[in-house]
Amino acid sequence: MMFQKIKENRHKYHIFKNRHQPETETGTDDTAENRQPEQKPAAKTANDQFVCKKCGATLSKSETAANKYVCGQCGYYFRIRTNNRIKMVADPGTFESWFEDVAETNPLDFPGYEEKLAAVQEKTKLKEGVTVGYARIDGEPVVLGVCDSRFLMGSMGHVVGEKIALAIEKATAMRLPVILFCCSGGARMQEGIISLMQMAKTAAALKRHSETGLLYVPVLTDPTTGGVTASFAMLGDLILAEPGALIGFAGPRVIEQTIGEKLPEGFQRAEFQLEHGFVDAVVERRHLKQTLAQILKYHHNNQSFHAFTVADRIDLRPDERCREHMETAQERTAWEKVKTARQVTRPSAMDYIRLVFQDFMELHGDRQFRDDPAVVGGIAFLDGQPVTVIGIQKGTSIEECQQRNFGMASPEGYRKALRLMKQAEKFHRPVITFVNTSGAFCGMEAEELGQGEAIARNLFEMSALKVPVVCMMIGEGGSGGALALAVGNQVWMMEHATYSVLSPEGFSSILWKDSSRAEEAAGVMKITAQDLYDLQVVEQIIPEYGGADEVTVGAISMFIKQQLKEYLSSQAGKSWEDFAGERYERFRQF
């Protein structure tokens, strides 16, 4: 049933406007794996003009170059030559090419292969289909690699694999991050099994690079297919893609011939991969350098905590509007707090993320099936300290609630959260979670995809994370669906939030066989912040200044920010193993 559901859903996904078929350069390797249907080159007009092959508009070469080689009329992404790609992302004058002397061979003695290589080298002025070396991006040092589709469709032969492996090994020795622009039709057929071996070789080099705590970011451009997709292109800590890029293992033509069906529009494009959980973000070309620079800054120094000072303290005195709010607030019963916690107008996880942190970059996907919109997560700064932030997002309107499944996470949501937490552990970033859910999604699809296993796995892995974890109940904290993001060193709870084994309605139905006694159940279940503080289930109650809404959300956020800074400052001298040990003891006492 699960696989039937997946097949049916292929036809339902939203497809972005800027789709295109991959351009085929003159000199493409006709035998490259998963070669795409050939297209006519852009028509030429005057010296500074050419015609866009997608929309037919007459474009200026100079203006198109200034627009990062994107059609100003239809948004079509033209493929970029190696030198132009380097100029776009590397600081001027900083790129230093490496390993240009790796020798070509013909491992299978394939007829005419040497001649074909010589012809392509002459035409492209490249020695091979990938260029690697040292560069700086906004001042940050990095090992940079660029694949070029003009060289036998960027196919991966033994020299491509060798240069990539050598660059990764050198990056490991120099303790540098790697950024690799991927573009390939797949394995190089003329090299047969030797080409296949490059997949394992590059993956092994990346494994060693990763185990030393270093960052790897592949940027998937059009097309990224075959053995490249099934090796270094999909092994990033963060994976970016350009809009409309074809990304897949088997090419569309191969798939259509195999299954005897025409594929839906946009299948395997970057946006499709984003929705299916395999890339973190689709980034427009004009924002790529800025995005890469931001990612590098998150990972600039991941070995210690930022030192917050007394001067960093925030004035937490509530403003006049908050004081008026507090004066008119009424004492609330447990049932009234249940209703308050469920209000759609209550500030969401994203509201607090935007107000507490700076430069939040949302990351997507569980790398297995889908990106669950009920769970949001990414990297941000807390006044200079990189942190991983994850939240369950219910939504603040009926439309958003429906889109986010009312904050009821599916297995892929919990798996996305766990992926981000393990990434945080690798780079020594504190983890902050914001929880607001009535519970995990209990639909048929969730059971087919392993809801119980996903929650259990989060509890298992969170218990041993070697970074500080702070979890905040900001609305409803419903059962295991909430606990799956709340195995923290510290658990804080907003004044009018709730946290319970199940809803009062469910409690009264199970114990008393009468769901109408929900209000009574709320009073005996001990689910309010004060109840749980007394039971030592939570360490701190976050004031709401009369009630969390658009009036008080700023003051609440400043309180959270100050408390986070104070807590993290107090943890600065501890070893990474201490955090896991203390978390174990925290839950061991219950």
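Conventions we followed
- The residue numbering used here restarts from 1 in each chain and proceeds along that chain's sequence as written.
- The predicted nature of this model means local features are confined to residues of pLDDT at least 70 and side-chain atom pairs, given and counted, to a pLDDT of 80 or more, with totals for whole chains, interfaces and linings taken over all residues.
- Computation of side-chain values: all heavy atoms of the structure, hydrogens and water removed.
- Segments assigned H or I by DSSP are reported as helices when at least four residues long, segments assigned E as strands when at least two residues long, and all are numbered from the N terminus.
- Note on classification: 1.4 Å probe, protein chains only; a residue is buried when its accessible area is under 20% of the maximum for its type, exposed when over 50%, partly exposed between these limits.
- Working convention for charge: Lys and Arg count positive, Asp and Glu count negative, and His plus the chain ends are omitted.
- Here, a salt bridge means any Lys or Arg side-chain nitrogen found within 4 Å of an Asp or Glu carboxyl oxygen.
- The term polar contact refers here to a pair of N or O atoms within 3.5 Å; inside protein, the definition further demands a hydrogen-donor-capable atom paired with an acceptor-capable atom, and it admits residues adjacent in sequence only when both atoms are side-chain atoms.
- Note on contacts: a residue pair is in contact if any heavy atoms of the two residues lie within 4.5 Å.
- Nonpolar cores are built from buried Ala, Val, Leu, Ile, Met, Phe, Trp, Tyr and Cys residues. Side-chain atoms within 4.5 Å join them into one set.
- At least two DSSP bridges between two strands are needed for those strands to be called paired.
- A helix is expected to span 1.5 Å multiplied by its residue count minus one.
- The reported arc concerns the directions from the helix axis to the C-beta atoms and nothing else.
- Cavities and pockets were defined on a 1 Å grid built from protein atoms only: a cavity is a group of points that admits a 1.4 Å probe but offers it no way out, a pocket is an open group of points flanked by protein on both sides within 12 Å along at least five of seven lines, and a lining residue is one with an atom within 4 Å of any such point.
- Grid points are joined across faces, edges and corners, and a volume is the space filled by probe spheres set on the points.
- How sure the predictor is of each residue is captured by pLDDT, a score from 0 to 100.

### Considerations on the side chain of Arg429
Turning to its location among the elements, Arg429 is positioned in the loop between helix H15 (411-426) and strand E14 (431-437). For the buried residue Arg429, which engages in no salt bridge, the nearest side chain bearing the opposite charge is Asp237, 8.1 Å off. A distance of 3.0 Å separates polar atoms of two side chains, one belonging to Arg429 and the other to Thr388. Here the side chain of Arg429 touches Gln423 through a polar contact of 3.0 Å, side chain to side chain. If we skip the residues at most four places from it in the chain, Arg429 touches His299, Ile379, Pro386, Val387, Thr388, Gln423, Ala424 and Val467.

### Comments concerning the nonpolar core
Membership of the largest hydrophobic core comes to 93 residues, with the highest contact counts inside it found for Leu144, Ile179, Phe357, Phe434, Met472 and Leu564. The element contributing the most residues to this core is helix H22 (residues 553-570), with eight residues. If we skip the residues at most four places from it in the chain, Phe434 touches Ala349, Tyr352, Ile353, Phe357, Val389, Ile390, Gly391, Ile392, Met472, Ile474 and Ile560. Ala165, Val178, Val228 and Ala233 belong to the second-largest nonpolar core, a separate cluster that totals 33 residues.

### Concerning the side chain of Gln563
Tracing the backbone shows Gln563 in helix H22. Setting aside residues up to four positions removed in sequence, Gln563 forms contacts with Trp492 and Gln540.

### A word on the pairing of strand E6 (residues 178-184)
Burial analysis of E6 places seven of its seven residues in the buried class, the great majority of the element. Both faces of E6 are covered, namely the face carrying Val178, Leu180, Cys182 and Ser184 and the face carrying Ile179, Phe181 and Cys183. Pairing of strand E5 (residues 140-147) with E6, which is carried by four bridges, proceeds in the parallel orientation. Bridging across to E6, Val146 finds its partner in Phe181.

### Details of helix H6 (residues 192-211)
An ideal rise of 1.5 Å per residue puts 28 Å on 20 residues; H6 measures up with 30 Å between its terminal C-alpha atoms. Along H6, the residues that are buried comprise Ser195, Gln198, Met199, Thr202, Ala205, Leu206 and His209. The arc that holds every buried residue of H6, seen down its axis, measures 145°, which confines them to one face. Residues Ala200, Lys207, Arg208 and Glu211 are exposed on H6 and point more than 90 degrees away from its buried face. Looking at the buried side of H6, the elements it contacts are helix H5 (158-174), E6, strand E7 (216-225) and helix H7 (226-229). Of the residues trailing H6, Gly213 is marked for its positive phi of about 80°.

### Observations regarding H22
Relative to the 26 Å expected for 18 residues at 1.5 Å per residue, H22 spans 26 Å between its end C-alpha atoms, a close match to the ideal helical length. Judged by how many residues are buried, H22 sits mostly within the fold: 13 of 18 residues are covered.

### Description of unusual backbone geometry
Note the cis peptide between Asp222 and Pro223, where omega equals -10°. Mapped onto the secondary structure, Pro223 falls in strand E7. One non-glycine residue, Asn405, adopts positive backbone phi at about 55°. Note that Asn405 resides in the loop between helix H14 (398-403) and H15. In this model, His428 sits at a positive phi of 60°, which is unusual for a non-glycine residue. Note that His428 resides in the loop between H15 and E14.

### Examining empty space enclosed by the protein
Tallied over the entire structure, the rule returns four cavities of 30 Å³ or more. One number sums up the size of the largest cavity: a volume of about 130 Å³. Forming the walls of the largest cavity are 17 residues, and the residues nearest its centre are Arg79, Ile80, Arg85, Thr221 and Asp222. Of all the secondary-structure elements, those providing two or more residues to the lining of the largest cavity are E5, E6 and E7.

### Thoughts on the confidence of the model for the chain
Put simply, the chain has an average pLDDT of 89, and 88% of its residues get 70 or more. Every residue in residues 1-41 scores below 50 in pLDDT, and together they form 106 contacts with partners more than four places removed in sequence or on other chains.

### Side note on the environment of Ala497
Looking at the element boundaries, Ala497 is found in the loop between strand E16 (490-494) and strand E17 (498-500). A relative accessible area of 0% places Ala497 in the buried class. Here Ala497 is in contact with Ala341, Arg346, Met473, Ile474, Gly475, Ile527, Thr528, Ala529 and Glu544, once residues within four sequence places are set aside.

### Digging into the pattern of salt bridges
Throughout the structure, instances matching the rule amount to 34 salt bridges. A salt bridge links Asp222 to Arg269; the shortest N-O distance between them is 3.4 Å. Placement of the pair is Asp222 in strand E7 and Arg269 in the loop between helix H8 (252-259) and helix H9 (270-275), with a sequence separation of 47 residues. A residue is classified by how much of its surface remains accessible, and Asp222, at 8% relative accessible area, is buried. Taking relative accessible area as the criterion, Arg269 reaches 5% and is therefore assigned buried. Across the salt bridge formed by Glu453 and Arg415, the nearest N and O atoms sit 3.0 Å from each other. A residue pair is termed long-range when its members are at least 10 positions apart, and Glu453 in helix H17 (residues 451-462) and Arg415 in helix H15 qualify at 38 residues. Take Glu453: its relative accessible area is 40%, and that puts it in the partly exposed class. Several salt bridges share partner residues, and in doing so they unite Arg342, Lys394, Glu476 and Glu505 into one network.

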